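Below, each chain spelled out in residue letters.
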Amino acid sequence: MLTSLFGDLGSVLDPFGRKNRALAEASRPFEATAIMEATSTAAEEEGQAVDRHQRDLVVTGSPAHAMREHFASTRADMDTAARVITLLDPLGVWATSVIKALSDAGGRPIERLNLREQTTLRMLAVIERTTLARRHEDTLKIYHADVRMPGRDNAEIPVALMERSHMTTVIVGPMDPSAIDTLLASLRTATEQPTWRCPHLVFLLPPSAVWIANKVNAVPWPKQVQVQVLNESLTSASSVWNAMLGQWNRVKSLPGWAAPDAGGMLGVQDFPIKVADLGPAVVRSSLVVGARQDPLAASAAVSAAVVVRDARSHLDVEHAKNSLGELLGIDGLLCCAIVDASNGLIVAREQPAEDVDVERAAAACAQVLRSHRLAARSMGLPDHIEEVTVGTASRHQLLRTLSRHPELFVFVLLNKQRSNLSLARFKLMEVERGLV
């Protein structure tokens with residue numbers, strides 16, 4: 001009996017060389033499968049190095065279908081199943097390096113399963129796995145599928161792994177906009193399949209990829225899938241893993257997969273909300289309850305949807321423009337704006353410098369503020385951020401949230417050589433207090 005990455009895949013022959021019907025029936029997805037050792041005993045006797053953790057599996061039919069059937073029985077209960085994180089690396093840059101780094105750090109081998117086509121023995125895909133044992137924590141199994149051959153069946157192999165994972169991490173490198181659109185469309189299709197059970201989908205993006213983050217947030221993901229976008233400096237395998245591990249520590253205690261409600265249409269028996277109760281107050285109450293039960297889900301919902309505000313909390317746009325006019329006296333001011341933190345849209349703006357892309361800067365600042373709030377919440381701190389200062393070689397960026405409108409913030413972009421940061425912060429505080 002050979003223990004593979006999927007479980008126990010045994011030969012259909014018994015010890016006496018006769019066909020075992022029970023094993024043959026159990027292996028129907030791989031009914032014409034042969035198990036081949038990657039190394040021979042003769043090689044071992046000659047003193048050559050033997051890799052006992054690499055196996056070749058010659059398959060007929062669909063490997064993804066076989067994996068789904070196997071996982072449907074072995075990982076039917078995701079709450080009790082072994083904790084699995086799957087890496088999806090479209091460009092093939094980081095996933096293998098991350099698994100190797102974890103293997104080296106934990107002293108556990110990298111197990112590889114080579115899936116080969118029966119007729120030609122061509123390599124269809126290589127599935128890698130390593131195990132990470134953590135003190136006082138659940139053991140993690142990290143998977144990655146490297147697809148070597150084109151084709152729809154082969155493309156489903158990593159999807160089959162992701163479907164029964166507790167978290168899937170998508171590592172997005174430098175990709176064309178069309179490739180990003182194709183990737184997001186395929187992931188959305190995968191998450192809508194009835195076989196999908198992975199509750200957490202994490203996108204790792206480089207710091208400058210705000211436009212990709214906006215595309216991810218614009219996708220109408222199923223409500224059972226909690227999508228999170230992290231902007232990280234993808235400079236090494238350790239930095240990629242640390243970002244993944246930090247996110248896992250935030251979501252590991254959250255409720256797992258919740259099956260969609262299969263009941264009848266709301267209102268057929270007892271409508272839960274009276275028509276007279278519908279209004280902004282009801283919407284805000286539902287968001288508060290959701291935030292208490294699942295903070296990450298509430299954060300994702302707010303970032304992906306239009307925030308409903310009470311009429312009394314609307315910001316007077318004319319007054320906002322006048323307030324921004326008071327900032328024009330700041331030395332070195334390039335632009336300033338009031339921005340909606342949930343979607344990066346501009347409410348009001350002033351732009352003395354014509355060469356500044358205010359829309360892009362606003363979207364980037366909104367992403368920065370959301371990241372700070374998420375980081376504060378993960379550390380057990382209040383997620384109310386008053387001010388964020390970002391400095392580069394030539395510019396200063398100031399972000400200040402509005403106390404009376406927590407979903408809005410003011411951002412100021414300054415020429416570092418011509419501005420006084422302390423005076424600019426003081427002036428920004430004065431303007432923020434006047435915005436009602």
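Each value, and the rule that gives it
All residue numbers here refer to positions counted from 1 along the written sequence of the relevant chain. Restriction of local features to residues with pLDDT of at least 70 applies here, the model being predicted, together with a cutoff of 80 or more for giving and counting side-chain atom pairs; totals for whole chains, interfaces and linings are based on all residues. Just so you know, side-chain values use all the structure's heavy atoms and leave hydrogens and water out. The axes used here are C-alpha line fits, helices contributing only the stretch in contact, and every angle between their N-to-C directions lies in the interval 0 to 180 degrees. In DSSP terms, a helix is any run of H or I states spanning at least four residues, a strand is any run of E spanning at least two, and both are numbered starting from the N terminus. By definition in this entry, angles of less than 35 degrees are roughly parallel, angles greater than 145 are roughly antiparallel, angles of 65 to 115 are roughly perpendicular, and the rest are oblique. Residue contacts follow a heavy-atom distance rule, with two residues in contact if any of their heavy atoms lie within 4.5 Å. Residues were grouped as follows: Ala, Val, Leu, Ile, Met, Phe, Trp, Tyr, Cys and Pro as nonpolar; Asp, Glu, Lys and Arg as charged; and all remaining residues, including Gly, as polar. Pairing between two strands requires that DSSP report at least two bridges joining them. Only protein chains enter the accessibility calculation, which uses a 1.4 Å probe. A residue is then buried if its area is under 20% of the maximum for its type, exposed if over 50%, and partly exposed in between. Only four residue types enter the tally: Lys and Arg on the positive side, Asp and Glu on the negative side; His and the chain ends are excluded. We define a salt bridge as a contact between a side-chain nitrogen of Lys or Arg and a carboxyl oxygen of Asp or Glu at a distance within 4 Å. Here a polar contact is taken to be a pair of N or O atoms separated by no more than 3.5 Å, where protein atoms must pair a possible hydrogen donor with a possible acceptor and residues adjacent in sequence count only if both atoms sit in side chains. The definition of a nonpolar core used throughout is a set of buried Ala, Val, Leu, Ile, Met, Phe, Trp, Tyr and Cys residues joined through side-chain atoms within 4.5 Å.

Caption draft 1: Geometry of the packing of helix α4 (residues 95-106) against helix α8 (residues 237-251). Interaxial distance between α4 and α8 falls to 9 Å at its minimum, and their mutual angle equals 85°. Comparing their axes, α8 and α4 come out roughly perpendicular. Of the residues in α8, those in contact with S97, V98, A101 and L102 of α4 are A237, V240 and W241. Of the residues that constitute the contact of α4 with α8, the class distribution is six nonpolar, one polar and no charged.

Caption draft 2: Here's a closer look at the sheet that holds strand β15 (residues 395-402). What the five strands build is an open sheet, ordered β13-β12-β16-β15-β14; its pairing is antiparallel. Every interior strand has two partners, whereas the edge strands, β13 (346-350) and β14 (387-391), have only one. Here the average twist between neighbouring strands, direction ignored, is 15°. Both strand β12 (residues 333-340) and strand β16 (residues 405-415) contribute to a ladder of seven bridges, which runs antiparallel. When the bridges of β16 are listed, C335 appears paired with L413. Helix α12 (residues 358-378) contacts β12, β13, β14, β15 and β16 of the sheet and is inclined by roughly 125° relative to β16.

Caption draft 3: Quick look at the side chain of R75. Here R75 shows up in the loop between α3 (63-74) and β5 (83-88). Of the side chains with opposite charge, D77 lies nearest to the buried R75, which makes no salt bridge, at 9.7 Å. Separated by 2.9 Å, the side chain of R75 and the backbone oxygen of A82 make a polar contact. Here the side chain of R75 touches H166 through a polar contact of 3.5 Å, side chain to side chain. Among all residues touching R75, those that are not within four sequence positions of it are A81, A82, V84, R164 and H166.

Caption draft 4: Expanded view of the pattern of salt bridges. For the structure on display, the rule yields 17 salt bridges. Among the ionic pairs, E387 bridges to R400, the shortest N-O distance being 3.2 Å. Here R400 lies in strand β15 and E387 lies in strand β14, a separation of 13 residues in the sequence. Like R400, E387 is buried. In this structure, R400 and E432 form a salt bridge, with 3.9 Å as the shortest nitrogen-oxygen distance. Taken together, the residues span a long stretch of sequence, with R400 in strand β15 and E432 in helix α13 (residues 421-434) at a distance of 32 residues. Since its relative accessible area comes to 7%, E432 is described here as buried. Here the salt bridges do not stand alone but share partners, grouping E387, R400, R425 and E432 into one network.

Caption draft 5: Structural view of the nonpolar core. I85, L87, I142, V240 and W241 are the most contacted members of the largest nonpolar core, which totals 26 residues. Sorting the residues of this core by element identifies β5, α4, β8 (140-147), β9 (167-171), β10 (200-205) and α8 as the ones contributing at least two each. When residues in this core are grouped by element, the largest group, seven residues, is from α8. Ignoring anything within four residues of it in the chain, the contact list for I142 reads I85, L87, I99, L102, E128, R129, T130 and W241. With 25 residues, the next largest nonpolar core counts V159, W196, V219 and W221 among its residues.

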